[in-house]
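Structural overview for review
Letter by letter, the chains look like this.
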Amino acid sequence: MQRLATTKKKTVGLKQTQKAVERGLASTVFVARDAEEKVRRPILEACRERGITVIEVDTMAELGKASGIQVGTAVAALLMEVE
């Protein structure tokens, strides 16, 4: 999760992360365990279908802080390096 805090190539939030997963741009997705199931389920299924690594984080607050924002977030992702 350290890379999430330091990289500029990331998404924060459900909509941005879903788009990155659908476009094949996400390399690793972080999902908060305390997020609502209706938020978690679709992103977890999309990652499973595409073989994207998922890392579960205990809380939305912890994930938000690691993402560099001052509020909690349910989902964030590291994006692939494109050359």
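Residues numbered from 1 in each chain as written. Predicted model: local features only at pLDDT ≥ 70, side-chain atom pairs only at ≥ 80, totals over all residues. Heavy atoms only, no water.

Bringing the nonpolar core into the picture now. Judged by nonpolar contacts, the single largest core of 23 residues is most densely connected at L4, V21, A26, V29, I43 and L63. Within the residue set of this core, elements represented by two or more residues are α2 (14-22), β2 (26-32), α3 (37-50), α4 (60-66) and β4 (75-79). (Core = buried A, V, L, I, M, F, W, Y, C linked by side-chain atoms within 4.5 Å. Buried < 20%, exposed > 50% of the residue type's maximum accessible area, 1.4 Å probe, protein only. Helix = DSSP H or I, 4+ residues; strand = E, 2+ residues; numbered from the N terminus.)

To continue, consider the side chain of T73. Secondary-structure assignment places T73 in the loop between α4 and β4. Within the structure, the side chain of T73 is placed 3.5 Å from the backbone nitrogen of G13, a separation counted as a polar contact. (Polar contact = N/O pair within 3.5 Å; in protein donor to acceptor, adjacent residues only side chain to side chain.)

So, on to the pattern of salt bridges. By the definition in use, this model includes 7 salt bridges. A salt bridge links D58 to R33; the nearest nitrogen and oxygen atoms lie 2.5 Å apart. With D58 in the loop between β3 (53-57) and α4 and R33 in the loop between β2 and α3, this pair connects stretches of sequence that are 25 residues apart. The salt bridge involving R40 is made with E56; its shortest N-O contact spans 3.1 Å. (Salt bridge = Lys/Arg side-chain N within 4 Å of Asp/Glu carboxyl O.)

All right, on to the sheet that holds β4 then. Strand pairing in a sheet takes place through backbone hydrogen bonds and is either antiparallel or parallel in direction. With mixed pairing, the 4 strands of this open sheet are ordered in space as β1-β4-β2-β3. With partners counted over all chains shown, the strands left at the sheet margins are β1 (10-12) and β3, one partner each. When the angles between neighbouring strand axes are averaged without regard to direction, this sheet yields 20°. Pairing between β2 and β3: 5 bridges, direction parallel. If you follow T28 over to β3, its bridge partner there is T53. (Pairing = 2+ DSSP bridges. Axes fitted to C-alpha atoms, helices over the stretch in contact; angles between N-to-C directions.)

Let us look at the side chain of S67. With respect to the helices and strands, the residue S67 is situated in the loop between α4 and β4. Judged by its relative accessible area of 3%, S67 is buried. Within the local environment of S67, its side chain forms a polar contact with the backbone oxygen of L63, the two atoms lying 2.8 Å apart. Ignoring anything within four residues of it in the chain, the contact list for S67 reads L4, K10, V12, T73 and A76. (Contact = heavy atoms within 4.5 Å.)

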